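Each chain, written out:
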Amino acid sequence: MENVLVIGGNRYFGRGLVTLLRDSGVRVTVLNRGSVAPPPGVAHLVADREDGAAMAAALAGRSFDVVVDQVCYTPQHAEGAVRAFAGRVGRYVMTSTIEVYDTGERRPVGVPLAEHVVDPQHWPVPEPAPQKGELSYGEGKRQAEAVLTRSGAFPFVSVRAGHVLGVDDFTGRLASYRERIAAGLPVAVHPENLPSSYTHDAEMADVLCWAAGADFTGPVNACSHGELTATDLCDLLADGRPYRTAVPVSGEEASPFSFDRYYGMDNSRAEQLGYTFSHTRDWLPGLLLPSHG
């Protein structure tokens with residue numbers, strides 16, 4: 001692996017991935033809309049992936065050992081990737097998500113979600129494919145995985161990330177917990193308070209770097225050991241201070257990371273393939289409470 005293209009890669013663990021690849025001696029190119037410059041030493045192509053002609057122009061005459069696609073959200077994105085990269089890339093890695101398992105099927109607590117639960121080889125993609133905005137995040141990712149898997153255009157991997165936590169999280173989800181606990185406001189938590197799987201942003205960047213240089217194909221789960229409930233997060237954020245939880249009232253959404261279904265992922269395939277995951281308790285206290293790190 002000498003020449004890698006990262007689509008997206010301008011923030012959070014995507015930027016971490018670009019830096020890891022560059023520092024390992026790989027020649028890295030980033031393709032995005034140009035809103036943020038890539039790190040020093042990284043080539044930059046500017047194009048909007050929604051614009052097929054712009055993508056074709058930016059990629060003209062180029063080929064890559066690996067493409068890591070950070071922003072493939074729909075079957076249309078996947079179809080565009082097949083058109084753009086068939087015959088021009090040795091391996092295609094798509095950053096996917098734990099949300100592919102949000103299919104409405106409830107799993108028994110303690111039976112974590114393995115990759116076969118959502119099989120992209122057989123997941124339906126309607127014809128014509130739904131347009132952007134017509135699909136949930138999870139369904140868009142499921143259909144994108146299906147298109148890329150069945151295309152046969154290149155060896156394909158989907159890395160299904162657990163909920164990613166990090167200091168540079170731009171979503172504000174953990175911040176909402178911290179703010180409510182500090183203000184003495186209740187945190188809205190489902191009565192069942194079921195656990196989910198998580199990973200650190202640095203670990204996610206490392207997993208993607210590993211997957212880019214490996215030779216396996218198909219979906220692979222990426223998450224730290226140690227599932228967490230919403231109240232586990234509250235306990236760590238409160239750091240011994242009292243806090244309150246409350247059941248969401250009618251019309252109110254539960255807090256981020258509060259789930260009414262079991263959402264643990266099985267990471268054994270990745271570990272059997274050679275990756276060793278951390279435990280959430282190794283990094284989460286230092287992330288939430290830097291003075292403890």
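Residues numbered from 1 in each chain as written. Predicted model: local features only at pLDDT ≥ 70, side-chain atom pairs only at ≥ 80, totals over all residues. Heavy atoms only, no water.

Participant: I'd like a description of the packing of aromatic side chains, backed by residues and values.
Facilitator: Taken as a whole and assessed by the stated rule, the structure comprises 10 aromatic pairs. With a centroid separation of 5.2 Å and 35 degrees between ring planes, the pair formed by W210 and F216 is classed as tilted. Note on accessibility: W210 and F216 belong to one class, buried. With 5.3 Å between their ring centres and 55 degrees between their planes, W210 and Y275 make a pair best called tilted. Of this pair, W210 sits in helix 6 (residues 201-213) while Y275 sits in the loop between helix 8 (268-272) and helix 9 (280-288), and the two are 65 residues apart along the sequence. In this structure Y275 comes out as buried when scored by relative accessible area, which is 8%. Through a chain of ring-to-ring contacts, three or more aromatic side chains come together here, namely W210, F216, Y275 and F277. A cation over a ring is seen here: R91 above F216, with NZ or CZ 5.2 Å from the ring centre. (Phe/Tyr/Trp six-rings, centres within 6.5 Å; stacked < 30°, edge-to-face > 60°. Buried < 20%, exposed > 50% of the residue type's maximum accessible area, 1.4 Å probe, protein only. Helix = DSSP H or I, 4+ residues; strand = E, 2+ residues; numbered from the N terminus. Lys NZ or Arg CZ within 6 Å of the ring centre and 35° of its normal.)

Participant: An account of the environment of A81 is requested, with residue identities and associated values reported.
Facilitator: Note that A81 resides in helix 3 (residues 75-85). Taking the C-alpha atoms as reference, A81 lies 28 Å from L113; in sequence the two are 32 residues apart. Setting aside anything within four residues of it in sequence, one finds A81 in contact with R49, A86, Y92, L148 and F154. (Contact = heavy atoms within 4.5 Å.)

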